[in-house]
Amino acid sequence: QGSFSRAVSFEYLVETGHSQTGLNYLSSGSSLLANDYSIEDAFGRNVDLTLPATGSSSALLASKMIDISDFRPTVESVTADLPTGEYGAGDEVNFIVNFDRHVDVTASDLSK
């Protein structure tokens, strides 16, 4: 639900097997489907849900380059922030793990 706004946001959940380079919709004849909701203006008129032409500057592909992939990120390299040598109790070694794409790490303590 929303309250008189110029923007409405939708969520797309990427599922196994979904893959698309340069996410876009099929054609300007495509439209949002009002299944279990309605979108109206302040006077109760239904909005026109036809999407902008795919080649126009208002189309999804023109505004963002979004790729959909269900491939899991992989580790490209692991390095340490210290020179080669021997370290003992009390020494701190920080490791740097590089992935093939951006990842989101959620942990309170990565030292364990």
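Definitions and limits used
Residues numbered from 1 in each chain as written. Predicted model: local features only at pLDDT ≥ 70, side-chain atom pairs only at ≥ 80, totals over all residues. Heavy atoms only, no water. Helix = DSSP H or I, 4+ residues; strand = E, 2+ residues; numbered from the N terminus. Buried < 20%, exposed > 50% of the residue type's maximum accessible area, 1.4 Å probe, protein only. Contact = heavy atoms within 4.5 Å. Areas by Shrake-Rupley, 256 points an atom, 1.4 Å probe, with all protein chains shown as cover. Patch = residues over 30% accessible without salt bridge, like charges linked within 9 Å, V, L, I, M, F, W, Y side chains within 5 Å. Salt bridge = Lys/Arg side-chain N within 4 Å of Asp/Glu carboxyl O. pLDDT = per-residue confidence, 0-100.

**A word on the overall build of the protein**
A count of helical and extended segments in the protein gives one helix and two strands. Going through the 112 residues of the protein one by one, you find that 5% of them count as buried. Considering only contacts within the protein whose residues lie at least 6 apart along the sequence, 54% involve residues at least 24 apart. For the protein, the accessible area works out to roughly 10100 Å², and carbon and sulfur atoms hold 51% of it.

**What about a nonpolar patch on the surface?**
A grouping of Val75, Val78, Tyr87, Val93, Phe95, Val97, Phe99, Val103 and Val105 is seen on the molecular surface, where their side chains present a nonpolar patch of about 770 Å² in accessible area. Looking at the nonpolar patch, the elements with two or more residues in it are β1 (75–80) and β2 (95–99). Counting residues per element, the nonpolar patch draws most heavily on β2, which supplies three residues. As for its placement among the helices and strands, Phe95 is situated in strand β2. You can call Phe95 exposed: its relative accessible area is 58%.

**Considering the confidence of the model for the protein**
Per-chain confidence: the protein averages 80 in pLDDT, with 87% of residues scoring 70 or above. Averaged pLDDT values for the elements of the protein fall to 80 in helix α1 (residues 60–63) and rise to 93 in β1.

**A few points about the environment of Val8**
Residue placement: Val8 occurs in the segment before α1. On the basis of relative accessibility, which here comes to 54%, the residue Val8 falls in the exposed class. For Val8 and Ile39, which are 31 residues apart along the polypeptide, the C-alpha to C-alpha distance reads 9.2 Å.

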